[in-house]
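Below, each chain spelled out in residue letters.
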Amino acid sequence: SVDCDRHQMSDQTPIAGSSVSAASRWKQRLRQVRHDLRNPLGEILGFTELLIEEARGVRNLNLAAGLQALHQTADRALGEVSRALTPDTFGVTREALERLSESLEIVSGQILKTARQLTDDSAESGGSVVGDDLQRIRESSQRFRELAQKAISELAVTMPGNLDSAEEPSAESSPAGK
């Protein structure tokens, strides 16, 4: 398949103007950042799944709906991280990292806002157990936000310069002087 061919090619073909070890280090760094960002998202997803079941059990449909929205937002962020930080594709550019950073800032803000609202609603209705788990979701979301800001900005700074042009089909299509 095409994906297998691309994967094999990317592992065997050094990026023009760089050593194989630099490309390997870059891929490893992408894998590590992807892993680090996925962890707090996994925590958010796990807690929301547990709370959704609990909310449905006590027939708190408003809480269940809010948790479902929170879960969908975290799941979307997980997909974005997985797609954008896959080291075996040529789509990781500074511009792609900037778009990812902006998107994750918005998503983490949505998660925090929803979790805060659900915490307030839970406190009003006396749901301390739910409130504790919602606080854990907020903490994981805040950790995700901080990690995303730091890690993606570090990736943009440490990205080998020639990776930005890896998507270009040939040298003929690049502007003169590159």
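What comes next is a walk through the structure. (Residues numbered from 1 in each chain as written. Predicted model: local features only at pLDDT ≥ 70, side-chain atom pairs only at ≥ 80, totals over all residues. Heavy atoms only, no water.)

**Things to note about the overall build of the protein**
We count it as follows: Strands are runs of DSSP state E lasting at least 2 residues, helices are runs of H or I lasting at least 4, and numbering of each runs from the N terminus. Partly exposed describes any residue whose relative accessible area lies between the buried limit of under 20% and the exposed limit of over 50%, with all areas from a 1.4 Å probe on protein chains only and scaled to the type maximum. What makes two residues a contact is simply this: any of their non-hydrogen atoms within 4.5 Å. Shrake-Rupley sampling with a 1.4 Å probe provides the accessible areas, and residues are treated as covered by the protein chains on show and by no other component.
Looking only at helices and strands, the protein features 5 helices and 0 strands. Secondary structure elements in the protein, listed N-terminal to C-terminal, are α-α-α-α-α. The buried share among the 178 residues of the protein stands at 35%. A separation of at least 24 residues holds for 78% of the contacts in the protein among residues at least 6 apart in sequence. On the protein, roughly 10,200 Å² of surface is accessible, and the fraction owed to carbon and sulfur atoms is 51%.

**Things to note about the nonpolar core**
Heads up, the condition is: Definition of nonpolar core: a set of buried residues of the types Ala, Val, Leu, Ile, Met, Phe, Trp, Tyr and Cys, connected through side-chain atoms within 4.5 Å.
By size, the foremost hydrophobic cluster in this structure holds 36 residues, and its most contacted members are Leu37, Leu41, Leu67, Leu85 and Leu104. Listed by contribution, the elements that provide at least two residues to this core are helix H2 (20-57), helix H3 (61-84), helix H4 (94-124) and helix H5 (128-158). When residues of this core are assigned to their parent elements, the largest contribution, 10 residues, is made by H2.

**Quick word on the environment of Gln68**
Summarising the element assignment, Gln68 is placed in helix H3. For Gln68, a relative accessible area of 27% translates into the label partly exposed. Residues Gln68 and Leu45, 23 residues apart in the sequence, show an inter-C-alpha distance of 9.8 Å. Residue contacts for Gln68: discarding those within four places in its chain leaves Ile52 and Arg56.

**Thoughts on H4**
This is how the line gets drawn: Multiply 1.5 Å by the residue count of a helix minus one, and that product is the helix's expected span.
For H4, spanning 31 residues, the distance from its first C-alpha to its last is 45 Å, which sits close to the expected 45 Å at 1.5 Å a residue. If you check which residues of H4 are buried, you get Ala96, Leu97, Leu100, Leu104, Val107, Ser108, Ile111, Leu112, Ala115, Leu118, Thr119 and Ser122.

**Focus: empty space enclosed by the protein**
How we decide: A pocket here means an open set of points on a 1 Å grid, computed over the protein atoms alone, that has protein on both sides within 12 Å along at least five of seven lines. A cavity is instead a set of points where a 1.4 Å probe fits but cannot get out; residues with an atom within 4 Å of a point line either one. Grid points are joined across faces, edges and corners, and a volume is the space filled by probe spheres set on the points. Each residue gets one label: Ala, Val, Leu, Ile, Met, Phe, Trp, Tyr, Cys and Pro are nonpolar, Asp, Glu, Lys and Arg are charged, and the others, such as Gly, are polar.
Counted under the stated rule, the structure contains 2 cavities of 30 Å³ or more. In this structure, the second largest cavity spans a volume of roughly 40 Å³. Taken together, Ser101, Leu104, Glu105, Ser108, Arg145, Ala148, Gln149 and Ile152 make up the lining of the second largest cavity. Breaking the lining of the second largest cavity down by element, the ones donating at least two residues are H4 and H5. Of the residues in the lining of the second largest cavity, the class split is 3 nonpolar, 3 polar and 2 charged.

**Side note on the environment of Gly66**
Considering the arrangement of structural elements, one finds Gly66 in helix H3. Judged by relative accessible area, which is 14%, Gly66 ranks as buried. When the C-alpha positions of Gly66 and Thr48 are compared, they lie 9.6 Å apart, and in sequence the two are 18 residues distant.

**Digging into the packing of H3 against H4**
Helices that pack against each other are described as a pair by the angle of their axes relative to one another and the distance between those axes. Operational definition: Axes here refer to lines fitted to C-alpha atoms; in helices the fit is confined to the stretch in contact. Angles between the N-to-C directions go from 0 to 180 degrees. Here the word oblique covers every angle except those under 35 degrees (roughly parallel), over 145 (roughly antiparallel) and from 65 to 115 (roughly perpendicular). Working rule for handedness: look at the near helix, and if it is turned counterclockwise from the far one by less than a right angle, call the crossing left-handed; if clockwise, right-handed.
Running from amino to carboxyl end, H3 crosses H4 at an angle of 160°, the nearest separation of the two axes being 10 Å. It follows that H3 is roughly antiparallel to H4 by the angle criterion. Once H3 is placed against H4, the crossing between them reads as left-handed. Between H3, through Leu63, Gly66, Leu67, Leu70, Thr73, Ala74, Arg76, Ala77, Glu80, Val81 and Ala84, and H4, the contact on the second element is made entirely by Leu100, Ser103, Leu104, Val107, Gln110, Ile111, Thr114, Ala115 and Leu118. Split into classes, the residues belonging to the contact of H3 with H4 amount to 13 nonpolar, 5 polar and 2 charged.

By themselves these figures say nothing about function.
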